[in-house]
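# Geometric and topological summary
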Amino acid sequence: MPRFRALSLALSYIRIPRLFLSLFFFPLLLSIVLVSVQLYVTLLYISTTDRDAKTLSTRIETAKKNNPTKFLLFGSMEDLAPLKVCRWMKQDGQEVPPSPDCAPDRLDIALHVPNPQDFDVTSYSKLIDGISERLHVCVKDCVPDIVIEHGQREQVVTHFRSVQGGLVLSLLHFQEDVTEHYITIAQSLDEIQNHFGDYLFFAPGYSKPIKITGILRSFALLLSIASLVVIALWLAVKAHRKILDYFSKSGALLPMVAAIGKREFYGALWLLTLFRVLAFLLASLPMLLVAFTLSEEKEAFYELFSYDLSFFALWLTSLLVSFGLASIVASIADLKHRHQFFSFLYRYVPLFLSFAGLLFWAISFFIPLESMALFRTLLSALPVIGSGPILIAPLFPPPLSVLFFHSVLTILIAMKLLRQNSQWFAAHLEAL
Amino acid sequence: MTQAHLKRIEIRAKSFKTGYEGHSVLECNSLELTGSIVALIGHNGAGKSTLMKSLLGLLPSYSGTLDAFCTETQRKLIPEQDMAFCPETGAVFADISVESYISLWSRIKCGSAKYYLQEGARYIEELEIGPLLKKLGRELSKGERRRVQTAVGFLTTPSFFLFDEPFDGLDVRKTHELSTLLQAHQEKMSFLVTSHRMDVIERIADVAIVLKDGAVVSAGDIDSVCSDLAGHSVEISDIDQPERLYAVLSNALPDYLIEHIGARIQITGKEIDVEMVRSTCAQIDEVGMTFQRSQPSLVDAMNYHLQTS
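Residues numbered from 1 in each chain as written. Chains lettered and ligands numbered in written order. Predicted model: local features only at pLDDT ≥ 70, side-chain atom pairs only at ≥ 80, totals over all residues. Heavy atoms only, no water.

### Considering the pairing of strand 5 (residues 83–86) of chain B
Consecutive side chains along a regular strand alternate between the two faces of the sheet. All names here are of chain B. Of the two faces of strand 5, both are covered, the one formed by Met83 and Phe85 as well as the one formed by Ala84 and Cys86. Of the strand pairs in this sheet, strand 5 and strand 6 (residues 160–164) are connected by 4 bridges, and their pairing is parallel. If you follow Cys86 over to strand 6, its bridge partner there is Phe163. (Buried < 20%, exposed > 50% of the residue type's maximum accessible area, 1.4 Å probe, protein only. Helix = DSSP H or I, 4+ residues; strand = E, 2+ residues; numbered from the N terminus. Pairing = 2+ DSSP bridges.)

So, in structure tokens, the structure goes:
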């Protein structure tokens, strides 16, 4: 029962508290933090990909009401009091504020113009009303953190002397006068888009058309899930190396392999790595699903997987084993050639193969031959090379059998590779 | 302890070749050797570790076989079931206590994490591991690490226990204690020991395998290995001018190992022409010298072997 022996061995290792903490618990915590950040960034990005007028209008309204920058600058999300315009006057050769309540504050805005007394500030007043308390108009002596310079040849330059000043300027995007224009443009684009509706791509070899409209948003969702798998496997490769180092530095590697058997020991090491991946996925996948289903992108998420949980599960499995094999290949190649100067390049070989596969797959759409559909199917079923098309399978869904064959072939190759490598591993224990 | 009571293993090799990355580094055409404490000796890089790893099943065989058998049952020994190994540096995880480490081994090999406190307690006591149990691995000296791994090996009650350089760095007392320990357990298990300490090997081993440049150059009981490597020794005593005779003999017999031990001189080598030695000695001192032919010690045999090879 060698497999069960490897399993019981792996479980024995986990029961060492320090090994558990350093190899599982702390990396798990770190990875969950990573996932949270990644989820936040993804949802933020996805929210910016909706550009129709209605969504844009809602988003702008929300941003106006709940603007963290305003809170950071003014301690409140409300607009400031109505803008006071202060035209500075000359006194004893120097410019001074017209009244004591016009004394400049850091977050005020100044307008440097040659003729402060009669310069028309109407457009500026409308733009900055609510985000600054005072607009100072002078030739040069009023210098808060933000200064708008009107040069000799109608050149305008805005200087800001602090980060806070820059943040005040960023609030301009949410001012009524600006957002009006955004919404008008979005409405015009909507009208154009309504002439054509959704774009559907009838690619040869696909049972249903592929929706191209909103593909960026879907792709971001996919990348978000795929990046979980990538983070998990990256952690796994790191963990694998760490576990090996842990054993080899203690001198226990050789006695343990001798006492347990090379295949069982090697199997136990990979099982430990697998446990770590599973622990990470068990912690992060529910987080991801909950985040997506509670967010405004709930529908997009369901639609991406055609409301089919089995498709989602099969896709995720294919993705996991596919990238898993790539990690194993990278890890083994890296280990075997670690003494060579360019050894680090080996870890990118699977990545290069995946990318090449995706490139050929994409190029095939430009070749108007019926056989290209078969080519794409075969390419997608291949381990490593087919991992690109597998990654975007929810967008360009191949038959389920392709996902299935890809997974099975990948698992078989991974097992064969690990089996073969256990011999090499045993012969090089002292060099690890 | 009589020879009949000893646990003996037989090492057999036939047209065996092994190595790394496809390069053969150890060849053993034919070997059949039975013993209780088997010494594996040779210069650095001779292939001792490779042979040991081959016996442990860690290296692939490029051709032929190399196996160990139990002489009583003629059963082929399976490394993970019947063997234990203690590396030169010993072993213990740096950040866990010795107790946790031994407990882990007990769980893995003996089925119970508490085995070392029950049936295996005698080994903990014999190797004086008790005071080390609460220490972390990183707090142990090299000798202590080796003791821990030795105890772990004994706990698993192997038929064949392989030691890599166990006497390296040990003082006289510790060397004696370890030698005694190995001899005391010969009834239950056989040992394979690599070492450069020929004096110790000669005292404890019953058979030896001598390796040179990845090939077995001699194998058998210690006496036959010594004869095989160095022929015999001639000891000259009752010398009037030993320094002068030593200088003359060193010039006259450059192919032999000539040692000046107090008032005696010993010549070791294959096919020593005793008459020629006598005539050379006669030039210095015509009367009174005594010549005695003897078996070379393992130290001398290896010295001669390494000098002439």
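### Here's the deal with the state of the cysteines
A disulfide bridge is the covalent bond that connects two cysteines by way of their sulfur atoms. Residue and element names in this part refer to chain A. Per the counting criterion, the structure on display carries 2 disulfides over all chains. The side chain of Cys86 participates in a disulfide bridge whose partner is Cys102; the two sulfur atoms lie 2.1 Å from each other. The S-S bond linking Cys86 to Cys102 shows a torsion near -80°; that makes this disulfide left-handed. Placement of Cys86 in strand 1 (residues 84–87) and of Cys102 in the loop between strand 3 (94–96) and strand 4 (109–112) is noted, with a sequence separation of 16 residues between them. Cys102 shares its class with Cys86; the two are buried. With its sulfur 1.9 Å from that of its partner, Cys138 forms a disulfide with Cys142. Between Cys138 and Cys142, the S-S dihedral sits near -90°, and the bridge is therefore left-handed. (Disulfide = S-S within 2.5 Å.)

### Some details on the interface of chain B and chain A
Each side of the interface is counted separately: chain B has 26 residues, and chain A has 29 residues. Put simply, chain B and chain A have 0 salt bridges between them. Summed over the shared surface of chain B and chain A, the number is 2 residue pairs in polar contact (both at pLDDT 80 or more). Here the side of chain B that touches chain A takes 6 residues from helix 3 (residues 98–110) of chain B, the largest share from any one element. (Contact = heavy atoms within 4.5 Å. Salt bridge = Lys/Arg side-chain N within 4 Å of Asp/Glu carboxyl O. Polar contact = N/O pair within 3.5 Å; in protein donor to acceptor, adjacent residues only side chain to side chain.)

### A few points about the sheet that holds strand 11 (residues 257–261) of chain B
Residues and elements named next belong to chain B. Overall, antiparallel pairing links the 4 strands, which are arranged 11-12-10-13 in an open sheet. Edge positions in the sheet fall to strand 11 and strand 13 (290–294), since each of these pairs with one other strand and no more. For this sheet, the mean angle separating the axes of adjacent strands, direction not counted, is 20°. Two strands pair when backbone bridges link them, and strand 10 (residues 232–237) and strand 13 are joined in this way by 5 bridges, in the antiparallel orientation. (Axes fitted to C-alpha atoms, helices over the stretch in contact; angles between N-to-C directions.)

### Observations regarding a nonpolar patch on the surface
Where nonpolar side chains cluster on the molecular surface, the patch consists of A:Phe355, A:Leu359, A:Phe360, A:Ile363, A:Phe366, A:Ile367, A:Leu369 and A:Phe375 and spans about 820 Å² of accessible area. Per-element accounting of the nonpolar patch gives the leading share, 4 residues, to helix 13 (residues 349–363) of chain A. (Patch = residues over 30% accessible without salt bridge, like charges linked within 9 Å, V, L, I, M, F, W, Y side chains within 5 Å. Areas by Shrake-Rupley, 256 points an atom, 1.4 Å probe, with all protein chains shown as cover.)

### Digging into helix 8 (residues 215–250) of chain A
Under the 1.5 Å per step criterion, the end-to-end length of helix 8 of chain A is 52 Å for 36 residues, consistent within 8% with the ideal 52 Å. Looking one or two residues past helix 8 of chain A, A:Gly251 carries a phi angle of roughly 85°, positive in sign. (Expected span 1.5 Å × (residues − 1).)

### Focus: the pattern of salt bridges
By the definition in use, this model includes 21 salt bridges over all chains. For B:Lys134, the salt bridge goes to B:Glu99, with nearest N and O atoms at 2.5 Å. Note that B:Lys134 is positioned in the loop between helix 4 (121–126) and helix 5 (142–155) and B:Glu99 in helix 3, a separation of 35 residues in sequence. For B:Lys134, a relative accessible area of 67% gives the class exposed. Bridged by salt links that share partners, the residues A:Asp108, A:Glu133 and A:Arg134 form one connected network.

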